[in-house]
Amino acid sequence: MQFNLSTLDPLHRYKLLSSTVTPRPIAWVSTIDADGLPNAAPFSFFNVFAEDPPTLAFAIQHRSGTDRKDTGENVRSQGEFVVNLVSEDNVERMNVCAIEFPPHVDEFAEAGLTPQASTLIRTPRIAESHVAFECRLMRIVELGNMRSLVLGEVLMMHVRDDAVIDAGRCWIDTRRLALVGRMQGNSYVRTSDVFELPRIAVEAWSAADHGA
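Residues numbered from 1 in each chain as written. Predicted model: local features only at pLDDT ≥ 70, side-chain atom pairs only at ≥ 80, totals over all residues. Heavy atoms only, no water.

- Per an unreviewed UniProt entry, the recorded name for the chain is Flavin reductase like domain-containing protein, and the organism is Caballeronia glathei.
- Taken from UniProt, the Cofactor (unreviewed entry) comment for the chain reads in full: "FMN". (UniProt positions renumbered as here; feature names shortened; annotations may be inferred.)

Right under this line is the structure:
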C-alpha cells in the first residue's frame, strides 16, 4: 500500500507518521511565563540531534493559527525551557499535564509535581523526573501554520544518582531509568525489553563468508 502525503490532509498525515515512527521519546517540557508561573506539557515529536552544540528539539502542535499554546509562548518570551524525561513511575502525572488546561492553571499543582530549581536557568525542572535537560532556546522553525520546531542547546543535565554508573566516564544505566515511549494514539511502550546488537567492522564483514 502506498500513501501520497501530498494529497492527504494533515490529520491523515499525522495518523500515518505517528503510527509508524515509533516508539518516540517524550519531552515533558517545563516552562515559566513572564510572571514566573510554571507550566508543564508533554510532546512526543521529540529527540536529540547533536552533541556539539548539544541540541534537543521538540515540535509543538498549535491549537490554531493564532493560539500557540502556553509552552510555545513561554519559550518565545523567556528563551529557555527544561526537557524532563518520562519514566514508568511518573507516566500518569505526565498524562495529567497533557490535559488542555487554560493558561492560568499550574500543571505542576494539578499533577502533584514538585518544581525543583534549575542550576543555570530560571525555569524549574520536574523533581520527579529521572532525567532533566536545562535548555537555552537556539531557534524556532515554523512548520506551516500549525506546528513549530523548538531547538534548544542543553546547558545542564540532571540524572538521578542511582542511574549513574561512572560520572567521570559519563556512563549511565539507561535501563534503571525505566523510560517510556509513545506509540500511536494513547498507546505507550516500556523500554525494559532490550537486546544487544554489536556493530560490525568493515574488516570483519569483508573477511566473512556470506554464502556468495
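### Concerning the overall build of the chain
Then step 1. The helix and strand tally for the chain stands at 6 helices and 13 strands.
Then step 2. In terms of overall dimensions, the chain has a C-alpha envelope of 65 × 50 × 30 Å along the principal axes.
Then step 3. Counting across all 212 residues of the chain, residues that qualify as buried make up 35%.
Then step 4. Taking the intrachain contacts of the chain between residues at least 6 apart in sequence as the baseline, contacts between residues at least 24 apart amount to 59%.
Then step 5. About 12900 Å² of surface is accessible on the chain, with carbon and sulfur atoms providing 54% of the total. (Helix = DSSP H or I, 4+ residues; strand = E, 2+ residues; numbered from the N terminus. Buried < 20%, exposed > 50% of the residue type's maximum accessible area, 1.4 Å probe, protein only. Contact = heavy atoms within 4.5 Å. Areas by Shrake-Rupley, 256 points an atom, 1.4 Å probe, with all protein chains shown as cover.)

### Some points on the nonpolar core
The tendency in soluble globular proteins is for nonpolar side chains to be buried side by side.
Then step 1. Counting residues in hydrophobic clusters, the biggest one holds 21 residues, and the most contacted among them are Phe58, Phe81, Val83 and Phe133.
Then step 2. Looking at this core, the elements with two or more residues in it are strand S1 (27–32), strand S2 (38–43), strand S4 (54–61), strand S5 (80–84), strand S8 (131–143) and strand S9 (147–159).
Then step 3. Once residues within four sequence positions are removed from consideration, Val83 is found in contact with Ala27, Trp28, Val29, Phe46, Leu56, Val131, Ala132 and Phe133.
Then step 4. By size, the runner-up hydrophobic cluster in this structure holds 12 residues, among which are Ala40, Phe108, Leu113 and Val180. (Core = buried A, V, L, I, M, F, W, Y, C linked by side-chain atoms within 4.5 Å.)

### Notes on a nonpolar patch on the surface
Then step 1. Taken together, Met1, Phe3, Leu5 and Leu17 make up a surface patch of nonpolar side chains, about 470 Å² in accessible area.
Then step 2. Topologically, Met1 is positioned in the segment before helix H1 (10–20).
Then step 3. Overall, Met1 belongs to the exposed group, its relative accessible area being 89%. (Patch = residues over 30% accessible without salt bridge, like charges linked within 9 Å, V, L, I, M, F, W, Y side chains within 5 Å. Salt bridge = Lys/Arg side-chain N within 4 Å of Asp/Glu carboxyl O.)

### Overview of the side chain of Glu134
Then step 1. Mapping Glu134 onto the fold places it in strand S8.
Then step 2. No salt bridge is formed by the buried Glu134, whose closest oppositely charged neighbour, Arg125, lies at an N-O distance of 5.0 Å.
Then step 3. A polar side-chain atom of Glu134 sits 2.7 Å from the main-chain amide nitrogen of Leu120. (Lys, Arg positive; Asp, Glu negative; His and termini not counted. Polar contact = N/O pair within 3.5 Å; in protein donor to acceptor, adjacent residues only side chain to side chain.)

### Overview of the pairing of S9
Then step 1. Here S4 pairs with S9 via 7 bridges, running antiparallel. Bridge assignment links Leu56 to a residue of S9, and that residue is Gly152.
Then step 2. Counting the residues in the hairpin turn of S8 and S9 gives 3 residues, including Gly144, whose phi is positive at 70°. (Pairing = 2+ DSSP bridges.)

### Let's talk about the layout of surface pockets
Then step 1. There is about 620 Å³ of room inside the largest pocket.
Then step 2. What lines the largest pocket is a set of 30 residues, among which Pro42, Phe43, Lys69, Ala98 and Glu100 lie closest to the centre.
Then step 3. Going through the elements one at a time, S2, S4, helix H2 (69–78) and helix H3 (91–97) are the ones with two or more residues in the lining of the largest pocket.
Then step 4. It is S2 that provides the largest number of residues to the lining of the largest pocket, a total of 5 residues.
Then step 5. For the lining of the largest pocket, the per-class residue count stands at 15 nonpolar, 8 polar and 7 charged.
Then step 6. Approximately 500 Å³ is the volume attributed to the second largest pocket.
Then step 7. Along the wall of the second largest pocket there are 26 residues; nearest its centre are Pro25, Phe46, Leu85, Phe133 and Leu179.
Then step 8. For the lining of the second largest pocket, the class distribution of residues is 19 nonpolar, 5 polar and 2 charged. (1 Å grid on protein atoms, 1.4 Å probe; cavity = no way out; pocket = protein on both sides within 12 Å on 5 of 7 lines; lining within 4 Å. Points joined across faces, edges and corners; volume = space filled by probe spheres on them. Nonpolar A, V, L, I, M, F, W, Y, C, P; charged D, E, K, R; others polar.)

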